[in-house]
Amino acid sequence: MAREIILDTETTGFDPKTGDRLVEIGCIEVVDFMPTGRSFHEYCDPLRDMPAEAQKVHGLSSEFLTGKPKFHEIADRFLEFVGDSPVIAHNAAFDRSFVNFELEKCNRGPLPESRWVDTLAMAKKRFPGMYNSLDALCKRFKISLDSRDKHGALIDAHLLAEVYLELQGGKERALELTAVVAVNAISAARQGSYGARPRPLAPRSTEEERQIHTAFVRKNLKDKAVWIQFGVGVVVAEG
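Before going into details, it helps to say that this report is about the structure given with it. Being a predicted model, the structure only gives us computed values, none of them experimental.

1. Some points on the sheet that holds strand S5 (residues 116–118)
So, step 1. Strand order in the open sheet formed by 5 strands is S3-S2-S1-S4-S5, with mixed pairing between adjacent strands. Looking at strand neighbours, the two that pair on one side only are strand S3 (34–43) and S5, the edges of this open sheet. The average undirected angle you get between the axes of adjacent strands in this sheet is 25 degrees.
So, step 2. Pairing between strand S4 (residues 87–89) and S5: 3 bridges, direction parallel. Residue pairing in the sheet places Ile88 in a bridge with Val117 of S5.
So, step 3. Lying over the sheet, helix H5 (residues 119–126) contacts S4 and S5, oriented at roughly 35 degrees with respect to S5.

2. Digging into the packing of H5 against helix H7 (residues 153–167)
So, step 1. The geometry of H5 relative to H7 is characterised by a closest axis approach of 11 Å and an angle of 40 degrees between their N-to-C directions. Between H5 and H7, the interaxial angle falls into the category oblique. Between H5 and H7 lies a crossing of left-handed hand. Taking contact as the criterion, the partners of Thr119, Met122, Ala123 and Arg126 in H5 are, on H7, Leu160, Tyr164, Glu166 and Leu167.
So, step 2. Looking at side-chain class alone, the contact of H5 with H7 contains 5 nonpolar, 1 polar and 2 charged residues.

3. What to know about the nonpolar core
So, step 1. Counting residues in each nonpolar core, the largest one holds 22 residues, and the members touching the most others are Leu7, Ile25, Cys27, Phe71, Phe78, Val99 and Trp116.
So, step 2. Mapped by element, the contributors of at least two residues to this core are strand S1 (3–11), strand S2 (22–31), helix H3 (71–82), S4 and helix H4 (92–105).
So, step 3. Here the element with the most residues in this core is H3; it accounts for 6 residues.
So, step 4. In contact with Cys27, other than residues within four places in its own chain, are Ile5, Ile6, Leu7, Arg38, Ser39, Phe40, Phe78, Phe81 and Leu154.
So, step 5. If you look at the next biggest cluster of nonpolar residues, it comprises 21 residues, including Ala123, Leu145, Ala161 and Leu167.

4. Brief notes about unusual backbone geometry
So, step 1. Positioned with a positive phi, Phe33 is a non-glycine residue whose angle comes to about 75 degrees.
So, step 2. You can see Phe33 is positioned in the loop between S2 and S3.
So, step 3. For Phe33, a relative accessible area of 11% gives the class buried.
So, step 4. Even without a glycine there, the phi angle at Asn107 is positive, about 60 degrees.
So, step 5. For Asn107, the position within the fold is in the loop between H4 and S5.

Analysis parameters
- Residues numbered from 1 in each chain as written.
- Predicted model: local features only at pLDDT ≥ 70, side-chain atom pairs only at ≥ 80, totals over all residues.
- Heavy atoms only, no water.
- Pairing = 2+ DSSP bridges.
- Helix = DSSP H or I, 4+ residues; strand = E, 2+ residues; numbered from the N terminus.
- Axes fitted to C-alpha atoms, helices over the stretch in contact; angles between N-to-C directions.
- Contact = heavy atoms within 4.5 Å.
- Parallel < 35°, antiparallel > 145°, perpendicular 65-115°, else oblique.
- Left-handed = near helix turned anticlockwise from the far one by under 90°.
- Nonpolar A, V, L, I, M, F, W, Y, C, P; charged D, E, K, R; others polar.
- Core = buried A, V, L, I, M, F, W, Y, C linked by side-chain atoms within 4.5 Å.
- Buried < 20%, exposed > 50% of the residue type's maximum accessible area, 1.4 Å probe, protein only.

This is the structure we're talking about:
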């Protein structure tokens, strides 16, 4: 299974080399393009003022951030969460510059460019000449933006996870991956050393429940249902 980290940041400005700092970082774990529910999220005290223009974007004030952890205090937990997985970001060069600036500032090794995947570059390749901001892509893929009125690192990471799935082929792609995992599991089981039970277990579902499940599978998964292809546990109704 492919583990990846979807990452977003909020900052005081555009360039860490001119004094701007990271103030929020949000990451979510995805496996085979689907969120697992695990996340990493922290606000950071930038030890400087918050420009009014930046605050308009993310709503984070100097007063709110004062007293929050310094980046060096969260660096090890951040690196542990990311591990050796690829990092997915929208306009990755921007996030990478701030993350690596903060890591190097506290004597941690940077995350090399080769580990970063830029969804903005992916979107430009798929939709050349179109506006490809995260908001624009959410609207294009009909992903709801009701969860936020301002930018936020963790909220935007969740939105980007949905965009990333769509850029990789959408939910049909996720379904294919699920089918591959199921096929591999069935194949491994058939090649194993375990034989049939001497006394088969009694079914725990009723005939009516099995018919309802069969109808659901045929309607929603059709020929992508692996257990139909292998004749495992599904009664195929006539139709």
